[in-house]
2 protein chains.
Amino acid sequence: MRIGLTPERVVDTALELADASGLQNVTMTGVAQYAGVKTASLYAHVRDLNDLKTRMALSSLDELADHAAEALAGRAGKNALAALGNTYRDYARAHPGRYAATRIPLDHTSAATGGGPRNTDLTGAVLREYQLPEAERPHATRVLGATFHGFISLEQSGSFSHSSPGSDVSWQRTIDALDAMLRHWPEPSHTLNASHNENPA
Amino acid sequence: MRIGLTPERVVDTALELADASGLQNVTMTGVAQYAGVKTASLYAHVRDLNDLKTRMALSSLDELADHAAEALAGRAGKNALAALGNTYRDYARAHPGRYAATRIPLDHTSAATGGGPRNTDLTGAVLREYQLPEAERPHATRVLGATFHGFISLEQSGSFSHSSPGSDVSWQRTIDALDAMLRHWPEPSHTLNASHNENPA
DNA sequence: CCCGCTAGCCTAATATGATTAGGTAAATGC
DNA sequence: GCATTTACCTAATCATATTAGGCTAGCGGG
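Everything numeric in this text was worked out from a predicted model, so none of it was measured. The residue numbering used here restarts from 1 in each chain and proceeds along that chain's sequence as written. A letter from A marks each chain and a number from 1 marks each ligand, given out in the order of writing. Local features in this predicted model are restricted to residues whose pLDDT is 70 or higher, and side-chain atom pairs enter the listing and the counts only when it is 80 or higher, whereas totals over whole chains, interfaces and linings include all residues. Computation of side-chain values: all heavy atoms of the structure, hydrogens and water removed.

1. Here's the deal with the nonpolar core
Then step 1. Residues A:Leu81, A:Leu182, B:Leu81 and B:Leu182 are the most contacted members of the largest nonpolar core, which totals 70 residues.
Then step 2. Contacts are assigned to residue pairs with any non-hydrogen atoms lying within 4.5 Å of each other. Those residues in contact with B:Leu182, other than ones at most four positions away along the chain, are B:Leu81, B:Leu127, B:Tyr130, B:Leu132, B:Ala140 and B:Leu144. To define a nonpolar core, start from buried Ala, Val, Leu, Ile, Met, Phe, Trp, Tyr and Cys residues and group those joined through side-chain atoms within 4.5 Å. Exposure categories follow from relative accessible area, calculated using a 1.4 Å probe and restricted to protein chains: below 20% of the type maximum is buried, above 50% is exposed, and the middle band is partly exposed.

Here it is as structure tokens:
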């Protein structure tokens, strides 16, 4: 009884498994069972677990960039900002395993090649209407990425789920606040906000 | 040859190991070797690996809150904001394993008890000088937490390390931008930033 | 229609890590 | 100095990753 496995099918199976039972349950054994095959058979299609995970990350990053690109089409300013953020958050909720896969550490080559840079570029595109000085763009891109990622991460780990306001409202306000931040982007200051001050941790 | 292990010593050993070789290398076997003891011996002091991880998280969260409290003493406004952010970032750099332990998911009871809430309260305290309406406080607290955590997380995973501006500069600008965001905190809008719009992911 | 080969899948074996059961001896208290 | 506690150990079991080598389904050529 031959299933007809290919590297792609293995990765897709792993991604489904991840969404269904969490990235931590994506093991060779788990994927094999889910695919109706013995564990060792997977090694004909992916080098090892690390290879599988890397492919999962690249696939998810790509899918995410596709969604983001579609959501941004024809939007600008705050609408684009909200669309981008919502795309990430909605994706994380609809596909928690795939979103988690997105955070798997990649080696330099994989990181430079895949959907990662595409996502960065799309974030950069959102900034266009905010007219920031050229030199400020990368920083603003990073803040947006950090805030979106951080919010989703905290939300998914349950950090928000047991304090008063629902996290939907906070998300709403986060978008509003980021929009305000971009519209009032500060001049580069020469006053250092002294790091490594008194307590070297 | 008795070492004189206690739960605390086991946890401290695990935390040192985490800082030295990464949280992913904190295994019963690894901790036991590091402590100069056989693996099974650890089970007299911690229930299992999960218990160990939980204790690591609580210990680190507490230590982090201590540092933050000390850093905030006598500061207000943007100075307090920068001090808080720098405390987190410096801690993450000085103790990557402990910081990572900080992100270990906790059950409700542990989460409500330990240093987690203390950290949240300290973030709330930073907002005092920004005079936000009572109802906006929790949202602002969450945005700050999300941005700090997201930035540090992206920085540590190397996402910033191979694009042009150094991440120190971006961090500087992030603090400036968050300060601007808090000073220009937007009125609650009734215009929904429509989530779940076209592509349900 | 059948022969032979390629590949897809399997069994078997090894290694590492978690966890439990039960034993031995060092420290502690009387 | 003896008994008890308990810190630590050995041995065994189970799950997962990974490698080596075997079997056969099903395809291409005759």
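Having put the structure on the table, let's press on.
2. Quick word on the protein's contact with DNA strand D
Then step 1. The nearness test applies per residue and asks whether one of its heavy atoms lies within 4 Å of the molecule or strand. The immediate surroundings of DNA strand D are formed by 18 residues, with A:Met28, B:Ile3, B:Gly4, B:Lys38 and B:Ser41 found nearest.
Then step 2. Counting only the atoms of DNA strand D within 4 Å of the protein, the fraction contributed by sugar and phosphate is 67%.
Then step 3. Between DNA strand D and A:Thr29, the relevant distance is 2.9 Å, taken from a phosphate oxygen to a main-chain nitrogen or oxygen of the residue.
Then step 4. Here a polar contact is taken to be a pair of N or O atoms separated by no more than 3.5 Å, where protein atoms must pair a possible hydrogen donor with a possible acceptor and residues adjacent in sequence count only if both atoms sit in side chains. Contacts to DNA strand D include A:Tyr43, whose side-chain N or O atom sits 2.9 Å from a phosphate oxygen.
Then step 5. When grouped by side-chain class, the residues that make up the surface near DNA strand D number 8 nonpolar, 6 polar and 4 charged. Ten residue types, Ala, Val, Leu, Ile, Met, Phe, Trp, Tyr, Cys and Pro, are classed as nonpolar, four, Asp, Glu, Lys and Arg, as charged, and the remainder, Gly among them, as polar.

3. Considering the protein's contact with DNA strand C
Then step 1. Inspection of the region around DNA strand C gives 18 residues, with A:Ile3, A:Gly4, A:Lys38, A:Ser41 and B:Met28 positioned closest.
Then step 2. Backbone atoms, meaning sugar and phosphate, form 62% of the atoms of DNA strand C found within 4 Å of the protein.
Then step 3. One of the backbone N or O atoms of A:Gly4 is found 2.7 Å from a phosphate oxygen in DNA strand C.
Then step 4. For DNA strand C, a phosphate oxygen lies 2.8 Å from a polar atom in the backbone of A:Lys38.

4. A short note on the interface of chain A and chain B
Then step 1. Contact with chain A, which involves 60 residues of that partner, is made by 60 residues of chain B.
Then step 2. Values labelled buried area give the accessible surface lost by two parts on being combined, using a 1.4 Å probe and summing over both. When chain A packs against chain B, close to 4,900 Å² is buried across both sides, 53% of that on carbon and sulfur atoms.
Then step 3. We count a salt bridge whenever a side-chain nitrogen from Lys or Arg sits within 4 Å of a carboxyl oxygen from Asp or Glu. Taken together, chain A and chain B are joined by 2 salt bridges.
Then step 4. Residues A:Arg173 and B:Glu136 are paired through a salt bridge, measuring 2.9 Å at the closest nitrogen-oxygen approach.
Then step 5. Counting residues per element, the ones that place at least two in the side of chain A that touches chain B are α3 (49-72), α4 (77-94), α8 (137-156) and α9 (167-183) of chain A.
Then step 6. Each helix is a run of DSSP H or I of at least 4 residues and each strand a run of E of at least 2, with the numbering of both proceeding from the N terminus. The element contributing the most residues to the side of chain A that touches chain B is α8(A), with 12 residues.
Then step 7. For the side of chain A that touches chain B, the class distribution of residues is 23 nonpolar, 25 polar and 12 charged.

5. Observations concerning helix α1 (residues 7-21) of chain A
All names here are of chain A.
Then step 1. A helix is expected to span 1.5 Å multiplied by its residue count minus one. Taking 1.5 Å per residue, 15 residues should reach 21 Å; α1 reaches 21 Å between its end C-alpha atoms and fits that length.
Then step 2. Among all positions of α1, only Val10, Val11, Thr13, Ala14, Leu15, Leu17, Ala18 and Asp19 are buried.
Then step 3. Residues of α1 that are buried in the fold lie against α2 (28-35), α3 and α5 (96-101).

6. Description of the relation of the copies chain A and chain B
Then step 1. Of the transformation placing chain A onto chain B, the axial shift is 0.1 Å and the rotation is 180°, giving an RMSD of 0.1 Å. One copy is carried onto the other by what is essentially a two-fold rotation axis.
Then step 2. Interface residue correspondence from chain A to chain B reaches 100%, placing this contact among same-surface, isologous pairings. Here the copies were fitted onto each other by least squares, based on C-alpha atoms from residues at pLDDT of at least 70 in both.

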